[in-house]
Amino acid sequence: MSTVPLDNQKELLRDVDDDASQGDPTIQTRVRQRLTSRGATAAAIIIAVIWTVPTFGLLVSSFRPEDNIKGNGWWNVFTDRQFTLENYADVLSPGGSQSPNLLSYFVNSLAIVIPGTIFTLVLGSMAAYMFAWGRFRGKDSLFIFVFALQIVPLQMALIPLLQLFTQVLKFGDFQVLPSGTYAQLWVAHTIFGLPLAIFLLHNFIAEIPGEVIEAARVDGAGHSTIFWRIIVPLATPALASFGIFQFLWLWNDLLVALVFSGGGADVAPITQRLAEIQGSRGGEWQRLTAGAFVSIIVPLAVFFGLQRYFVRGLLAGGLKG
């Protein structure tokens, strides 16, 4: 077996990545033909229209006056062209008893989602690497247990986990994870996201050629070096793909936020405020449309910014020989 110096591993990783992306020409040809056929193109256009029309309607409604929103549908804008910025001024205003003050909740969501996504990716990728290439007793049984955790309904774990935070992890007056802080939300989202992260990332990492791992081991590299210098660069498409999903799940979450945020405005995410923005009787639709459109700006930016990694991550498994 030939060894590869650690200083030359970057060149080796590029070669392996190129080989993996090329895959089987026959498989690539079949996939390309199916994705570019007339039927696939027509289906993609139909799906795009179905997804775009409601978003366009939400955008139009967010600029319509209150009386128009409550009196008729958004499609009437083609005959009654009345627009206003009052809805956005209302939800983005500095504060007040009648103002939603969405900006502070927007910042809270970023403070919750970014660490929650990073923690899940780091811990999930490390665990996936050990399940794929580590050697320890009970590895298969433990992996099956982690995989089975995905079928446990999230709702069943909320109360036990909250009791763990508030009663078990408490020593006298000192609480390890104080209530009403970001820490509880970070840990909760990480726990709920790890089973799927480990499962998906394990399937990708396990497909990395074993010769690369063995060559690094013979050259004296430990698990830490192999993980950061080999696994992470090669698994970037898979990490980015799951990172997008995790980011969107956390950004759109309401249930976990209601349970672990304590209901306070200091750590409540934007979804919690959107649930309250309609007013006591659910009639403030002009605020809801503007607030909802503000809330989707970040998810759209994340998805389009990482789109190329997302597509590579979805197709990587099918294009390998």
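Please refer to the structure higher up on the page.
Each chain has its residues counted from 1, running along the sequence as written. Predicted model: local features are reported for residues with pLDDT of at least 70 only, side-chain atom pairs are reported and counted for 80 or more only, and whole-chain, interface and lining totals are derived from all residues. To get the side-chain values, all heavy atoms of the structure are used, and hydrogens and water are removed first.

K.L.:
Sorry, what's going on with the overall build of the protein chain here?
P.N.:
Secondary structure follows DSSP: runs of H or I at least 4 residues long count as helices, runs of E at least 2 residues long count as strands, and numbering of each begins at the N terminus. If you tally the helices and strands in the protein chain, you get 17 helices and 2 strands. Here the protein chain holds 321 residues, and the buried ones make up 37% of them. Should any heavy atoms of two residues lie within 4.5 Å, those residues are counted as being in contact. In the protein chain, 72% of the contacts between residues at least 6 apart in sequence involve partners at least 24 apart. Under the scheme applied here, a residue whose accessible area is under 20% of the maximum for its type counts as buried, over 50% as exposed, and between as partly exposed, the area being computed with a 1.4 Å probe on protein chains only.

K.L.:
Sorry if this is basic, but what is going on with the pattern of salt bridges here?
P.N.:
Here a salt bridge means any side-chain nitrogen of Lys or Arg lying within 4 Å of a carboxyl oxygen belonging to Asp or Glu. Applying the stated criterion to the full structure yields 5 salt bridges. Asp 90 is the salt-bridge partner of Arg 287, the closest N and O atoms lying 2.6 Å from each other. Note that Arg 287 is positioned in helix 15 (residues 285–295) and Asp 90 in helix 5 (residues 86–91), a separation of 197 residues in sequence. For Asp 90, a relative accessible area of 22% puts it in the partly exposed group. Measuring nitrogen to oxygen at the nearest pair gives 3.5 Å for the salt bridge that ties Glu 214 to Arg 135. In this pair, Glu 214 sits in helix 10 (residues 210–218) while Arg 135 sits in the loop between helix 6 (102–133) and helix 7 (139–148), placing the two residues 79 residues apart along the sequence.

K.L.:
Help me understand the side chain of Thr 84 in this model?
P.N.:
Checked against the element boundaries, Thr 84 lands in the loop between helix 4 (66–71) and helix 5. Nitrogen and oxygen atoms within 3.5 Å of one another constitute a polar contact, given that in protein one can donate a hydrogen and the other can accept it, and given that sequence-neighbouring residues count only through two side-chain atoms. At a separation of 3.1 Å, a polar atom in the side chain of Thr 84 contacts the main-chain amide nitrogen of Glu 86. In contact with Thr 84, not counting residues within four places along its chain, are Ser 62, Phe 63, Arg 64 and Pro 65.

K.L.:
Looking at this structure, how should I read the layout of surface pockets?
P.N.:
Space left empty within the atom packing is revealed by a probe, the size of a water molecule, rolled over the atoms. In this model, the largest pocket occupies a volume close to 490 Å³. Within this scheme a cavity is a closed region of a 1 Å grid, computed over the protein atoms alone, that accommodates a 1.4 Å probe without allowing it to escape, whereas a pocket is open but has protein on both sides within 12 Å along at least five of seven lines; lining residues each have an atom within 4 Å of a point. Forming the walls of the largest pocket are 18 residues, and the residues nearest its centre are Leu 154, Ile 191, Phe 192, Gly 193 and Pro 195. Counting only elements with at least two residues in the lining of the largest pocket, the list comes to helix 8 (154–168), helix 9 (182–205) and helix 12 (236–251). Per-element tally for the lining of the largest pocket: the top contributor is helix 9, with 6 residues. Lining the second largest pocket are Trp 51, Thr 52, Thr 55, Phe 56, Leu 58, Ile 296, Leu 300, Phe 303 and Phe 304. Elements represented by at least two residues in the lining of the second largest pocket include exactly helix 3 (38–62) and helix 16 (297–305). Among the elements that line the lining of the second largest pocket, the one with the most residues is helix 3, at 5 residues. A breakdown of the residues in the lining of the second largest pocket according to their chemical character gives 7 nonpolar, 2 polar and no charged. Grid points are joined across faces, edges and corners, and a volume is the space filled by probe spheres set on the points. Throughout, the ten residues Ala, Val, Leu, Ile, Met, Phe, Trp, Tyr, Cys and Pro are labelled nonpolar, Asp, Glu, Lys and Arg are labelled charged, and all others, Gly among them, are labelled polar.

K.L.:
How should I be thinking about the environment of Val 107 in this particular structure?
P.N.:
The topology assignment puts Val 107 in helix 6. On the accessibility criterion, Val 107 (51% relative accessible area) is exposed.

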